[in-house]
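# Coordinates in review
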Amino acid sequence: MSPKSRIPAPDPGDTWVPRPRRRETPLGILGHAAKFLGASVLGGVLLAGLILPGAGAVGLGAKSGAEGFENIPDDFKAPPLTQATQIFDAKGGLIAKVYERDRTVLTADQMSPLIRQAQVDIEDARFYEHGAVDLKGVLRAITKNAESGATVQGASTLTQQYVKNVNVEKAGDDPEAVREAQRKTLGRKIQELRYAIKLEEDLTKEQILTNYLNITFYGHQAYGIQAAAQRYFSKDAKDLTLPEAAMLAGLVQNPSQYDPKLHPVAAQKRRDTVIDKMVENKHITADQAKEAKAAPLGLSYKDPQNGCITARAGTGFFCDYVRHVVKQDPAFGKSAAERTKLWNTGGLNIYTTLDPDKQAAAQNAVSTQVYVTDPVSAAMTMVAPGSGNILAMAQTRPYGLAKEKNETVVNYNVDAAMGGGIGFQPGSNFKPIVAAAALEAGLSPTQRYDSPNRMDWPTMKTCDGTWKNLSKGKKEGVIPNESAGEVGPYELKQAMALSVNTYFVQMEQEIGLCAVKQMAEKLGVAGKADGSPLQQVPALGLGTQEVSPLTMANVYATFAARGTYCAPVAISRISTVDGKDVPVPPARCSQAMSEDTADVINTVLLGVTEKGGTARDLHLDDNRQIAGKTGTTDEKKSAWFTGYTGNLAGSVWLGSPGTKVPMRNIRIGGHYQAEVFGATGPGPIWQQAMSDAVRSLPEQDFTTVYIPDPPKRDPNCGTPGGSPTPTACTGAPATGTPGSNGNTGKPRGTGPTGRSGPATPATPADPEGQ
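Residues numbered from 1 in each chain as written. Predicted model: local features only at pLDDT ≥ 70, side-chain atom pairs only at ≥ 80, totals over all residues. Heavy atoms only, no water.

## Here we look at the sheet that holds strand 5 (residues 390-395)
As a reminder, the rule being used: Here a strand pair is declared whenever DSSP counts at least two bridges between the two strands. Helix and strand definitions follow DSSP, with helices as H or I runs of at least four residues and strands as E runs of at least two, each counted in order from the N terminus. Helix axes are fitted only over the stretch in contact, all axes being lines through C-alpha atoms; the angle between N-to-C directions runs from 0 to 180 degrees.
Pairing within the open sheet is antiparallel, and its five strands lie in the order 5-4-18-17-16. Across the chains shown, the open sheet's two edge strands, defined by having one partner strand only, are strand 5 and strand 16 (627-632). Strand after strand, the sheet turns through a mean of 5 degrees between neighbouring axes, direction not considered.

Right under this line is the structure:
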């Protein structure tokens with residue numbers, strides 16, 4: 001066959017165009033040989049004197065190259081290969097796969113022998129016969145390149161190619177470093193040869209081949225043969241057939257030119273070339289080759305699936321939370337750089353605390369009761385008392401970047417540092433923290449305050465001074481209750497059930513703001529959701545400082561655990577792909593309050609969900625004990641219900657994260673609501689989700705304490721003109737009485753939401769009650 005007949009005809013599926021062959025003189029051939037030797041270590045270092053003894057310039061190049069060759073250290077070390085990390089839920093279900101490079105490192109026996117042989121036959125057929133350098137290959141390449149008038153055949157061995165790939169891997173995503181690693185200079189070739197020689201001394205041929213197959217790029221973000229097999233054929237590398245193995249082996253030379261998705265004809269021709277090489281090297285028979293070449297490409301292509309955006313429905317935000325945990329917790333590295341490297345290098349199997357059944361329950365509730373197209377959104381977190389395990393994290397708006405689909409990557413369930421926003425005012429959800437601080441300070445469960453309907457914000461002690469009301473008598477200097485009929489005196493149980501603002505302000509005044517702040521910190525409210533510290537102002541106890549649903553769920557989980565606070569836990573175990581365990585953060589639990597205090601809080605919060613309480617209409621399908629607290633902020637811009645059983649706590653927030661939409665005269669989930677309260681907006685979401693979530697949990701009642709009701713008083717007490725308002729001066733709220741706040745069917749709001757600083761009156765206008 002003449003040289004001309006060996007030039008392939010152009011193919012529409014190919015990007016390669018043959019160059020016209022030109023006639024070469026002997027001097028031209030010698031020049032091509034010199035060029036090739038200048039770009040090849042073997043030509044520049046080992047063969048200069050053997051092949052071209054008369055070429056003085058090349059000889060001088062060889063001398064200087066040899067000196068450089070001797071000076072290169074032989075401490076070649078391959079970095080840990082970047083691999084994909086898999087995140088699993090508590091039952092072993094895959095949540096998502098994340099990676100900088102999609103790669104799964106395999107052992108030799110996890111690869112099909114067909115791909116190992118095909119890769120050798122097409123890339124370096126004499127791989128098992130030569131050392132780091134293939135002398136015959138160099139001579140053959142010189143001849144071929146001289147005949148064609150261009151560099152059409154290289155002489156790098158598979159070992160040298162592996163060294164080059166390692167250098168590219170070390171460069172990471174730095175474009176300049178990658179270009180440098182791929183630069184075709186004499187110095188680079190000398191370095192690669194020195195390292196290749198060292199590798200051939202230290203590793204067996206089978207080890208080198210395995211490493212090569214794990215590091216090589218096969219196109220479409222697939223690094224290594226396992227990712228390639230999954231990408232193109234949706235199967236493991238050990239299960240590749242002959243035509244599949246041949247196609248993948250052929251990709252390595254030029255993944256773009258032989259891309260089977262874009263250039264199927266070129267890919268099939270390249271595959272058949274590999275099959276012919278396997279016949280030529282007597283590794284398959286002619287009949288096997290004929291059958292393999294007759295097969296179609298048979299792609300079963302899967303697009304690259306990377307990151308939390310590909311997470312199973314509804315779990316993207318929790319996936320992102322896990323990412324923040326790994327990158328921020330010192331357990332995963334002393335410095336931010338070390339933790340980022342661990343995440344980016346990948347190769348981890350991360351087993352999390354997310355319970356798929358409870359996650360489904362929470363996601364279903366926030367999605368069915370609040371539509372993604374509604375002007376407001378909902379978020380819910382569930383936590384296991386006594387461990388801090390996060391069992392569910394759901395929100396109405398899906399995880400993603402498409403704003404036109406109401407997607408977001410902001411996790412409304414968590415603080416800003418963990419991928420969330422600035423948080424939301426919890427309103428009266430915060431009042432149990434004030435009560436816990438007061439009980440720890442020695443106040444009685446029957447503590448009574450006159451609780452007027454309106455009062456000036458009183459002077460209060462802080463941790464480092466005194467807060468004073470500079471706006472007495474003005475609207476911003478006054479705190480009212482929700483209803484005109486809410487006039488004390490009240491004791492704790494009734495004040496919590498009715499969410500009486502002035503009661504808790506007087507309680508704050510007695511124990512001081514420092515005690516409230518310190519109790520909040522013990523319960524995990526270390527600061528506001530945006531990372532700023534809690535302000536020591538009277539409105540703190542009425543929930544005016546922004547927090548997240550995860551924070552509030554964990555506060556109430558502490559009550560359920562009889563005062564044992566555990567920091568939130570998302571990761572239960574991590575292992576590497578080769579089975580080694582990676583240390584995870586230890587459980588961080590502490591006794592935030594005495595068991596006696598927690599028992600009183602549980603008893604009081606049970607009253608909120610019972611007759612006369614603001615959440616009296618909420619119950620679970622199996623009627624097990626529940627405790628909790630409603631919360632509605634100023635102008636109904638946020639509403640909360642945080643509640644719990646003995647073994648599961650959940651917090652639901654409802655509102656508009658951006659524009660602060662007042663939830664009045666609004667349609668949510670297809671239903672019109674004149675006003676949204678904690679019991680009527682987030683309450684039903686909590687009720688639906690928790691009813692489903694507790695089905696697999698045993699009933700667990702609270703340890704309660706007896707708290708006597710105060711004696712009844714004159715129903716006309718405190719009523720102008722003597723008109724009866726039974727809740728005004730009685731010890732216990734009346735129920736079913738016209739004009740009362742006990743059972744009118746109207747829920748109440750949650751507390752003031754005005755902001756203030758330590759030097760100015762921090763008082764809200766028009767505060768809500770529950």
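## Concerning a nonpolar patch on the surface
Rules: Note on patches: the residues involved have over 30% relative accessible area and no salt bridge, like charges join within 9 Å, and the nonpolar side chains Val, Leu, Ile, Met, Phe, Trp and Tyr join within 5 Å. Surface accessibility in these figures is a Shrake-Rupley result with a 1.4 Å probe; residues are shielded only by whichever protein chains are displayed. We define a salt bridge as a contact between a side-chain nitrogen of Lys or Arg and a carboxyl oxygen of Asp or Glu at a distance within 4 Å. For each residue, the accessible area found with a 1.4 Å probe, counting protein chains only, is set against the maximum for its type, and the residue is called buried under 20%, exposed over 50%, and partly exposed in between.
Together, Ile309, Leu401, Val409 and Val410 make up an exposed nonpolar region whose accessible area comes to about 340 Å². Tracing the chain through its elements places Val410 in the loop between strand 5 and helix 18 (431-440). Owing to a relative accessible area of 30%, Val410 belongs among the partly exposed residues under this scheme.

## Brief notes about the state of the cysteines
Condition: Cysteine sulfur atoms are paired as a disulfide whenever they come within 2.5 Å of each other.
Counting across every chain of the model gives three disulfides. One disulfide in the model links Cys308 with Cys319; its S-S distance is 2.1 Å. Between Cys308 and Cys319, the disulfide has an S-S torsion of -75 degrees and is therefore left-handed. Separated by eleven residues along the polypeptide, Cys308 in the loop between helix 14 (286-294) and helix 15 (316-328) and Cys319 in helix 15 bring together distant segments of the chain. A single burial state applies to Cys308 and to Cys319, both of which are buried. Cys566 shares a disulfide with Cys589; S-S distance 2.0 Å. Of note, the bridge from Cys566 to Cys589 carries an S-S torsion of about 110 degrees and is right-handed in sense. Taken together, the residues span a long stretch of sequence, with Cys566 in strand 12 (residues 564-566) and Cys589 in strand 15 (residues 589-591) at a distance of 23 residues.

## Some words on the sheet that holds strand 1 (residues 85-88)
Spatially, 2-1-3-13-14 is the arrangement adopted by the five strands of the open sheet, whose pairing is mixed. The open sheet terminates on both sides in strands that have one partner only, identified here as strand 2 (94-98) and strand 14 (581-582). Judged from the two bridges that link them, strand 13 (residues 571-576) and strand 14 form a sheet pairing that is antiparallel. Residue pairing for strand 14: Ile574 is matched across the bridge by Val582.

## Concerning the packing of aromatic side chains
Filter applied, for reference: Stacked, tilted and edge-to-face pairs are distinguished by plane angle, under 30 degrees for stacked and over 60 for edge-to-face with tilted covering the rest, among Phe, Tyr and Trp rings (Trp via its six-membered ring) whose centres lie within 6.5 Å. In this analysis the charged atom, NZ for Lys or CZ for Arg, is taken to sit over a ring once it is within 6 Å of the ring centre and within 35 degrees of the ring normal.
One pass over the full model with this rule turns up 14 aromatic pairs. Taking the centre distance of 5.2 Å and the plane angle of 75 degrees together, the rings of Tyr644 and Phe702 count as edge-to-face. Here Tyr644 is found in strand 17 (residues 638-644), whereas its partner Phe702 is found in the segment after helix 24 (682-693), with 58 residues between them in sequence. Accessibility classification places Tyr644 together with Phe702 in one group, the buried group. Grouping aromatic residues by their ring pairs yields a cluster made of Tyr556, Phe559, Tyr644 and Phe702. Note that Lys205 overlies the ring of Phe127, its terminal NZ or CZ placed 4.4 Å from the centroid. Above the ring of Tyr351, the side-chain terminus of Arg573 is found at 4.2 Å from the ring centroid.

## Brief notes about the side chain of Arg271
As a reminder of what qualifies: Contacts are residue-level and defined by heavy atoms, with any inter-residue pair within 4.5 Å sufficient.
Along the polypeptide, Arg271 turns up in helix 13 (residues 264-280). With residues up to four places along the chain from it excluded, the contact list for Arg271 reads Pro243, Ala246, Met247, Ala292, Lys293, Ala295, Pro296 and Leu297.

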